[in-house]
Amino acid sequence: MKIPNQNFWDVFKKTPGALSSAESIAISTVASMAPKGTYMELGVWRGKSTISALQGLSDGFFILVDPVFEEEEVIIEVVGTIAQANPQSVQINIAPNYSTNVIPNHDHLAYCFVDSGDHSDDLPMTEVKMLEDRMIQGGVIALHDCFSQVLRVTEAYEYLLGTGKYDPILFDWEEIFKYVRENDLENG
């Protein structure tokens, strides 16, 4: 379990987004399992999951993909959030575009967090099919909203496992939930 420091939690709680502290710990943990290299996040919005992943990633190049980056003020906000929470050696590249336009331009990815678009359509499956052969050995594809009411994300996850190219990463969610409760991380 990868636990961010207090400065991270202060920034995390001020950052808009539908991501719990427990999910943040899970993202930090799975990101720490990724090899060094090129990282990508599909669906950044205000960067809450980005700063969580950066707690586990190191020495790489992180491509942040979201059409909201067409607005300069959003870029400034997200880059500012990243600088507050993660002043480290990961180089950030902002891509104001849709995932399906950006993924084909990148191979040899070490980590990709998928949380773009409307999860009720075919986008999650489209994205994982585009990503499945673009990852390096040991690369990690993480899917937000898997095993929730959002069935399309779970179908995309099951597809990846069914290819035989990917193995599940299992979490001790009880350990994470216990840590979050003991440290009152959901307060506020």
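## Comments concerning the packing of helix 1 (residues 6–14) against helix 2 (residues 21–32)
Helix-helix packing is characterised by the crossing angle of the two axes and by the distance between the axes. The N-to-C vectors of helix 1 and helix 2 enclose an angle of 125°; their axes lie 12 Å apart at closest approach. It follows that helix 1 is oblique to helix 2 by the angle criterion. Helix-helix and strand crossings are classified by hand; for helix 1 and helix 2 the assignment is right-handed. Where helix 1 abuts helix 2, its residues Phe8, Trp9 and Phe12 lie against Ser21, Ser24 and Ile25. Here the contact of helix 1 with helix 2 is built from residues that sort into four nonpolar, two polar and no charged.

## Structural notes on the pattern of salt bridges
Pairing of side chains with opposite charge becomes possible as their charged atoms draw close. The tally for this structure, following the rule as stated, stands at eight salt bridges. Asp59 is the partner of Lys36 in a salt bridge, and the nearest nitrogen-oxygen pair spans 3.3 Å. Placement of Lys36 in the loop between helix 2 and strand 1 (38–42) and of Asp59 in the loop between helix 3 (48–54) and strand 2 (61–65) is noted, with a sequence separation of 23 residues between them. Look at Lys36 and you get exposed, because its relative accessible area is 54%. Exposure remark for Asp59: the relative accessible area of 44% places this residue in the partly exposed category.

About the criteria used
Residues numbered from 1 in each chain as written. Predicted model: local features only at pLDDT ≥ 70, side-chain atom pairs only at ≥ 80, totals over all residues. Heavy atoms only, no water. Axes fitted to C-alpha atoms, helices over the stretch in contact; angles between N-to-C directions. Helix = DSSP H or I, 4+ residues; strand = E, 2+ residues; numbered from the N terminus. Parallel < 35°, antiparallel > 145°, perpendicular 65-115°, else oblique. Left-handed = near helix turned anticlockwise from the far one by under 90°. Contact = heavy atoms within 4.5 Å. Nonpolar A, V, L, I, M, F, W, Y, C, P; charged D, E, K, R; others polar. Salt bridge = Lys/Arg side-chain N within 4 Å of Asp/Glu carboxyl O. Buried < 20%, exposed > 50% of the residue type's maximum accessible area, 1.4 Å probe, protein only.

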